[in-house]
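Structural features, examined
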Amino acid sequence: MGYDRVQEIENPELAQMRMKEIYKAKGYSNDWIEKRVRGIAIRDELTDEWKKRGVQEEIEYSILTAEISKATFGMTPSEYMEFKGLKRENLRDHMNDLELIFTMLGKRVSTEITRN
């Protein structure tokens, strides 16, 4: 396992392939997996923009993320998790296609707003 992680550090595409295999093994469709992977890339782009503008503390990311979620779904991520009956699971892993698309849209628009 350690060797695999070192290989993934050297070639990040291996990590992405492993992640896709895990989601596929959990029963997710290829279409859903592609949306999930794209959503991760969009989130990374947004957090990179925030970092450039001085956002550093975890609480700052949480506040900004909560605002995007409220604008997108009318509730914070923790409220949305409660709504879905989740405890510690990853919220995005329990979203359907439309929820993933709306999440990506909210974060993509936030990235553009941040840049401008």
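Preceding block: the structure.
Residues numbered from 1 in each chain as written. Predicted model: local features only at pLDDT ≥ 70, side-chain atom pairs only at ≥ 80, totals over all residues. Heavy atoms only, no water.

Quick look at helix α6 (residues 97–115)
The condition that has to hold: Numbering of helices and strands starts at the N terminus; helices are DSSP runs of H or I of at least 4 residues and strands are runs of E of at least 2. How far a helix is expected to stretch is found by multiplying one less than its residue total by 1.5 Å. Exposure classes here rest on a 1.4 Å probe applied to the protein chains alone. A residue is buried below 20% of its type maximum, exposed above 50%, and partly exposed in between. Within this analysis, the arc is defined by the directions that extend from the helix axis to the C-beta atoms. Whether two residues are in contact is decided by their heavy atoms, any of which lying within 4.5 Å being enough.
Here α6 contains 19 residues, and its C-alpha end-to-end distance of 27 Å stays within 8% of the 27 Å for a straight helix at 1.5 Å per residue. Residues E99, L100, T103, M104, G106, K107, S110 and T111 constitute the buried set of α6. Seen along its axis, α6 keeps its buried residues to an arc of 160 degrees; they face one direction. Facing away from the buried side of α6, by more than 90 degrees, are the exposed residues L98 and I113. Against α3 (30–52), α4 (58–73) and α5 (77–84) lie the buried residues of α6.

Some words on the nonpolar core
Quick reminder of the rule: We define a nonpolar core as any set of buried Ala, Val, Leu, Ile, Met, Phe, Trp, Tyr and Cys residues linked to one another through side-chain atoms lying within 4.5 Å.
Ranked by size, the top nonpolar core spans eleven residues in total: Y23, W32, I33, V37, M75, Y80, M81, L86, L91, M95 and L100. Breaking this core down by element, the ones donating at least two residues are α3 and α5. A total of three residues in this core trace back to one element, the largest contributor, which is α3. In this structure, Y80 is in contact with F73, M75, L91, M95 and E99, ignoring residues within four places of it in sequence. Grouped together as the second largest cluster of nonpolar side chains are five residues, L46, W50, Y61 and I68 included.

A short note on the side chain of K35
Assignment of secondary structure puts K35 in helix α3. Once residues lying within four places of it in the same chain are set aside, the contact partners of K35 are D97, L100, I101 and M104.

As for the packing of helix α2 (residues 12–25) against α3
The condition that has to hold: Interaxial angles span 0 to 180 degrees and are taken between N-to-C directions of axes, which are lines fitted to C-alpha atoms, for helices over the stretch in contact. In this scheme, roughly parallel covers angles under 35 degrees and roughly antiparallel covers those over 145, while 65 to 115 is roughly perpendicular and the rest are oblique. Crossings are sorted by hand: turned counterclockwise from the far helix by less than a right angle, the near helix makes the crossing left-handed, and turned clockwise it makes it right-handed. Residues were grouped as follows: Ala, Val, Leu, Ile, Met, Phe, Trp, Tyr, Cys and Pro as nonpolar; Asp, Glu, Lys and Arg as charged; and all remaining residues, including Gly, as polar.
In the contact formed by α2 and α3, the axes pass within 10 Å of each other and the chain directions differ by 140 degrees. Taken together, the axis directions place α2 and α3 in an arrangement best described as oblique. Handedness of the crossing formed by α2 with α3: right-handed. Mapping the contact onto sequence places Q16, M19, K20, Y23 and K24 in α2 and N30, W32, I33, E34, R36, V37 and I40 in α3. Residue composition of the contact of α2 with α3, by class: six nonpolar, two polar and four charged.

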